[in-house]
Amino acid sequence: MRKFEDTYRHKGMRRKLVEVVRQKGIQDEKVLEAINNIPRHFFLDSAFDEVAYEDRAFPILEEQTISQPYTVAYQSQLLEVKPFMKVLEIGTGSAYQASVLAELQVQVYTIERQKKLFDYNKTFQYLRKYPNIKFFYGDGFEGLPTFGPFDRVIITAAAPEIPPKLIQQMKVGGMMVIPEGIGDVQVMKRITKLENGELKIEVFDQFSFVPMLVGKND
Ligand code: SAH
């Protein structure tokens with residue numbers, strides 16, 4: 001089995017990554033601290049050990065990606081979480097984003113549609129550090145009706161539309177951060193569910209995610 005080591009060298013590279021992400025405009029100190037705490041190289045194949053702390057996305061299993069740290073920080077900052085909130089994540093992938101949220105002391109419910117990724121995360125020792133993450137294999141478009149309603153929803157794949165069932169599973173006053181759009185580029189949006197049932201939509205920067213696909217893949 002692979003031996004994971006977090007050396008001084010890794011920690012030094014990580015501190016530099018935090019500064020890069022800060023320079024790009026992330027100001028939430030708790031989010032930056034979470035990035036500083038998490039050994040990102042554990043989430044990648046050992047072949048990527050030297051580059052794991054570059055601010056880039058990398059391939060993982062099943063042609064999926066571990067998001068760029070800046071993107072993870074950006075979405076986490078927009079989500080404005082507070083400890084003990086219930087947060088639904090669509091697209092577990094490498095579980096790096098889920099770990100950042102776990103470091104922010106929320107209850108994470110994360111869904112992945114790729115069975116191999118879901119199974120891999122069950123064997124990934126480091127994640128035992130976070131009893132506040134619950135992993136689900138399923139279709140994120142359906143959400144988790146029996147576990148809701150949620151304070152926050154974060155979608156980490158390119159969504160063709162705002163998924164109506166996920167809006168239903170949000171609390172009043174709850175927020176969703178979603179990269180919306182098909183094709184190569186998506187617009188990051190933050191949707192707030194207002195008391196009168198209407199949605200407030202704020203529009204932010206452009207990003208590029210792998211697509212959010214309907215159904216499961218075994
Ligand atoms: N949050 C991840 C980013 C992974 S990339 C990280 O931190 O690394 C997006 C992930 O969303 C992929 O693993 C993909 O399989 C998954 N995905 C795409 N459509 C989905 C859906 N409908 N339900 C659940 N997961 C989905």
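Keep in mind that what you see is a predicted model, and the values were worked out from it rather than measured. (Residues numbered from 1 in each chain as written. Predicted model: local features only at pLDDT ≥ 70, side-chain atom pairs only at ≥ 80, totals over all residues. Heavy atoms only, no water.)

## Focus on the overall build of the chain
Stage number 1. Counting its secondary structure elements, the chain contains six helices and nine strands.
Stage number 2. The C-alpha atoms of the chain give 16 Å as radius of gyration, which agrees with the globular expectation for 218 residues (17 Å, within 12%).
Stage number 3. In terms of overall dimensions, the chain has a C-alpha envelope of 50 × 40 × 35 Å along the principal axes.
Stage number 4. Across the chain, the fraction of contacts at a sequence separation of at least 24, relative to all contacts at a separation of at least 6, is 55%.
Stage number 5. Put simply, the chain shows about 10,800 Å² of open surface, and 53% of that area lies on carbon and sulfur atoms.
Stage number 6. Across the chain, the centroid of the 29 positively charged side chains sits 5 Å from that of the 29 negatively charged ones. (Helix = DSSP H or I, 4+ residues; strand = E, 2+ residues; numbered from the N terminus. Rg over C-alpha atoms; globule rule 2.2 N^0.38 Å. Contact = heavy atoms within 4.5 Å. Areas by Shrake-Rupley, 256 points an atom, 1.4 Å probe, with all protein chains shown as cover. Lys, Arg positive; Asp, Glu negative; His and termini not counted. Charge placed at Lys NZ, Arg CZ, Asp CG, Glu CD.)

## Let's talk about the packing of helix α1 (residues 8-23) against helix α2 (residues 29-37)
Stage number 1. Look at α1 against α2: their axes get within 9 Å of each other, and the N-to-C directions meet at 150°. Classified by the interaxial angle, the pair formed by α1 and α2 is roughly antiparallel. Of the two elements, α1 crosses α2, and the hand of that crossing is right-handed. Mapping the contact onto sequence places Arg14, Arg15, Leu17, Val18, Val21 and Arg22 in α1 and Glu29, Leu32, Ile35, Asn36 and Asn37 in α2. (Axes fitted to C-alpha atoms, helices over the stretch in contact; angles between N-to-C directions. Parallel < 35°, antiparallel > 145°, perpendicular 65-115°, else oblique. Left-handed = near helix turned anticlockwise from the far one by under 90°.)

## So, the UniProt feature "active site" (unreviewed entry) in the chain
Stage number 1. Taken from the UniProt record, the annotation "active site" (unreviewed entry) applies to Ser67.
Stage number 2. Along the chain, Ser67 falls in the loop between β2 (65-66) and α3 (69-79).
Stage number 3. Dropping the residues within four chain positions of it, Ser67 is found in contact with Arg40, Arg56, Ala57, Val72 and Phe209. (UniProt positions renumbered as here; feature names shortened; annotations may be inferred.)

## Description of the pairing of strand β5 (residues 133-137)
Stage number 1. Here five bridges tie strand β4 (residues 107-112) to β5, and the two strands are oriented parallel to one another. Along β5, the bridge assignment pairs Thr110 with Phe135.
Stage number 2. For the crossover from β4 across helix α5 (residues 115-123) to β5, the handedness is right-handed. (Pairing = 2+ DSSP bridges. Right-handed = clockwise from strand over helix to strand, strands pointing away.)

## As for the site of the ligand
Stage number 1. Contacts to the ligand come from 27 residues, most closely from Gly91, Ser94, Glu112, Gly140 and Leu213.
Stage number 2. Within the side chain of Ser94, one N or O atom sits 2.6 Å away from an oxygen atom of the ligand.
Stage number 3. Within the backbone of Arg113, one N or O atom sits 3.3 Å away from a nitrogen atom of the ligand.
Stage number 4. Considered on its own, the ligand offers 580 Å² of accessible surface; in the complex 99% of this is hidden by protein.
Stage number 5. Elements with a minimum of two residues in the shell around the ligand: β2, β3 (86-90), α4 (96-103) and β4. (Near = heavy atom within 4 Å. Polar contact = N/O pair within 3.5 Å; in protein donor to acceptor, adjacent residues only side chain to side chain.)

## Some remarks on a nonpolar patch on the surface
Stage number 1. A contiguous nonpolar surface patch, about 260 Å² in accessible area, is contributed by Leu199, Ile201 and Val203.
Stage number 2. Position of Ile201 among the secondary structure elements: in strand β9 (residues 199-207). (Patch = residues over 30% accessible without salt bridge, like charges linked within 9 Å, V, L, I, M, F, W, Y side chains within 5 Å. Salt bridge = Lys/Arg side-chain N within 4 Å of Asp/Glu carboxyl O.)

## Observations concerning the nonpolar core
Stage number 1. Ile26, Phe43, Val87, Tyr96, Leu101 and Tyr126 are the most contacted members of the largest nonpolar core, which totals 48 residues.
Stage number 2. When residues of this core are traced back to their parent elements, those giving at least two are α1, α2, α3 and α4.
Stage number 3. When residues no more than four places from it in sequence are discounted, the contact partners of Ile26 are Val21, Val31, Leu32, Tyr70, Ala73, Tyr74 and Gln77.
Stage number 4. Formed by 19 residues, the second largest nonpolar core is a distinct cluster that contains Ala157, Leu166, Ile167 and Met170. (Core = buried A, V, L, I, M, F, W, Y, C linked by side-chain atoms within 4.5 Å. Buried < 20%, exposed > 50% of the residue type's maximum accessible area, 1.4 Å probe, protein only.)

## With respect to the environment of Leu166
Stage number 1. Take Leu166: it is sitting in helix α6 (residues 164-168).
Stage number 2. Residue classification places Leu166 among the buried residues on the basis of a relative accessible area of 0%.
Stage number 3. If sequence neighbours within four positions are ignored, Leu166 has contacts with Leu88, Ile90, Gly140, Phe141, Glu142, Gly143, Val153, Ile155 and Met176.

## Some details on α1
Stage number 1. The end-to-end C-alpha separation of α1 is 23 Å, in line with the 22 Å expected for 16 residues at 1.5 Å each.
Stage number 2. Where α1 is concerned, the buried positions are His10, Met13, Arg14, Leu17, Val18 and Val21. Down the axis, α1 shows its buried residues gathered within 150° of arc, on one side only. Those residues of α1 that are exposed and angled more than 90 degrees off the buried face are Tyr8, Arg15, Lys16 and Gln23.
Stage number 3. Trailing α1 by a residue or two, Gly25 shows a phi angle of about 120°, which is positive. (Expected span 1.5 Å × (residues − 1). Arc of directions from axis to C-beta.)

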